[in-house]
Amino acid sequence: MNFKFLKKWMVNPVALLTGFTLFFAPGLVKGASDIELIWQAKLESPIHLPPVITAETVIATSSKGVVKGFNRKSGQLNWETEKGIRYWDRSLVVHDDKFFVGLSGGLFQAHSIVDGKLLWQLDLGVDVQSKPLVKHNTLYIPTTYVGPELSNDPHGKAILFAVDLNSGKMKWSKKTGNYAPKSPPINDGTLFLAGSYYDPSIDIDEGGPMKISAHNINDGSLLWDFKGVDGYIKAIYADKDAVVYVGYQDFINALNSQNGQQLWRVDTGNWTPSLLGSDGVIYYGSATTKGFAISSQNGIKLWQFNIDGGSFNYLLGKPVLSEGKLLFLTQRGDIYALDSVSGKRSWVKSTQVNARAGLSVEGSTIAMGGIDGTLQLYQIRKDNAYRVSMIDRRL
């Protein structure tokens, strides 16, 4: 069965609620022996981004709401950003004691995670709707001319900004040939930018013009670029040998990280929302209800896992890699933990959450959000706890 029709409603869910409610609900996970629900809260609208868990605070935002900080232990609301301001939820990124977020109209802000107070603000002049990358005390901020609630100008040439994360001082900026760049990865002094560009001469039913470009992180200067027709880029990963990405066409592609030459291309079989790369392995799931691990060197399959529950139970968002475990949330609200080497199931628990984004993990704590605005926090029981590797918190 082909699930391509799911693409539109998966990126544009319609489920708007108002108000904030907190519930304490330990042990509500049916048959919970590995994890238990600690608390849940209700945000104003659908949650499109996995909440971020810090030492003392859980930070979450919804599609129409503000940014909120909850006490990690109790679930009490500690602070929220100013109401009436349009924050772009998918631009939220947290680093150390600060969080950063884009606002409608091209503003970009830094806030304290302790009390939510504004630390600095920068007028970029272009909207930020993708998550910036934090590296070497620098924010690498991709902007966009096309996105939800924007006037949409496919002729626009979006700008990549490099900004000091402590002061908000601009280090450099680089105009790209793309109208909607994706959050970039960095490897060994090179930043890889992926996005779509406008070319009316390219007429294709599935996909569209896209470009991957390599840039020096010190000044943004171009090293190489690659053009293809995979359409909107959903995720990109880079290591010393390969740049791996997945686009609207739902093929996993790999380029040589040194020169941009294509190395291999693998058909995922159906809708693939994202991917995770680590130590030469690419993890992803498709709407074939399967999860995969493949080699970033040649695309060869290392293992395959069949998700329970029938046709519509597929992996949501980007999986999370821990020491020996791969965790992910499915469309039916099931949390899976697999052995990352063999792909064998360690445990699975049903949460009943109706989500359109993946989960986040910190230590033995798991957080996720639903399309009804419900934020849930789970605790992995001590006999099953394991320390999470902070390889990649981003969606």
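Provided above is the structure to which this section pertains.
What you see is a predicted model, and the numbers here were worked out from it, not measured in a lab.

Asker: Quick question: what am I supposed to make of the side chain of Ser296 here?
Answerer: Structurally, Ser296 is set in the loop between β26 (290-295) and β27 (301-306). Looking at Ser296, its side chain comes within polar contact range of the side chain of Gln297, at 3.3 Å. Residues within four places of Ser296 in sequence aside, it is in contact with Asp239, Ala242, Val244, Ala254, Trp264, Gly280, Val281 and Ile282.

Asker: Please clarify how the packing of aromatic side chains should be interpreted in this entry.
Answerer: Two aromatic rings, taken as a pair, are described by how far apart their centres are and by the angle between their planes. Going through the model one piece at a time under the given rule, you end up with 10 aromatic pairs. Taking 5.3 Å as the distance between ring centres and 0 degrees as the angle between the ring planes, the aromatic pair formed by Trp79 and Phe99 counts as stacked. Separated by 20 residues along the polypeptide, Trp79 in strand β6 (residues 77-80) and Phe99 in strand β8 (residues 98-103) bring together distant segments of the chain. Here Trp79 matches Phe99 in class, with each residue buried. Taken together, a centroid distance of 5.1 Å and an interplanar angle of 20 degrees make the contact between Tyr284 and Phe292 stacked. With respect to burial, Tyr284 and Phe292 carry one shared label: buried. Each member of the aromatic cluster is reached from another via a ring pair, and the members are Phe100, Phe108 and Trp120. Sitting above the plane of the Trp271 ring, Lys234 keeps its charged end 3.9 Å from the centroid.

Asker: Sorry, what's going on with the sheet that holds strand β5 (residues 67-71) here?
Answerer: Strand pairing in a sheet is mediated by backbone hydrogen bonds. Such pairs are either parallel or antiparallel. In space, the 4 strands of this open sheet follow the order β3-β4-β5-β6, with antiparallel pairing throughout. The open sheet has two edge strands, β3 (52-53) and β6, and neither has a second partner. Looking at chain direction, β3 and strand β4 (residues 57-61) are connected through 2 bridges and run antiparallel. Looking across to β4, one finds that Val52 is bridged to Ile59.

Asker: Sorry if this is basic, but what is going on with the sheet that holds β26 here?
Answerer: Taken in spatial order, the 4 strands of this open sheet run β24-β25-β26-β27, and their pairing is antiparallel. Looking along the sheet, the strands with just one partner apiece sit at the ends: β24 (276-278) and β27. Strand-to-strand twist across the sheet, computed as the mean angle between neighbouring axes with direction ignored, equals 15 degrees.

Reading the values: the criteria
Residues numbered from 1 in each chain as written. Predicted model: local features only at pLDDT ≥ 70, side-chain atom pairs only at ≥ 80, totals over all residues. Heavy atoms only, no water. Helix = DSSP H or I, 4+ residues; strand = E, 2+ residues; numbered from the N terminus. Polar contact = N/O pair within 3.5 Å; in protein donor to acceptor, adjacent residues only side chain to side chain. Contact = heavy atoms within 4.5 Å. Phe/Tyr/Trp six-rings, centres within 6.5 Å; stacked < 30°, edge-to-face > 60°. Buried < 20%, exposed > 50% of the residue type's maximum accessible area, 1.4 Å probe, protein only. Lys NZ or Arg CZ within 6 Å of the ring centre and 35° of its normal. Pairing = 2+ DSSP bridges. Axes fitted to C-alpha atoms, helices over the stretch in contact; angles between N-to-C directions.

Geometric values such as these leave the question of function open.
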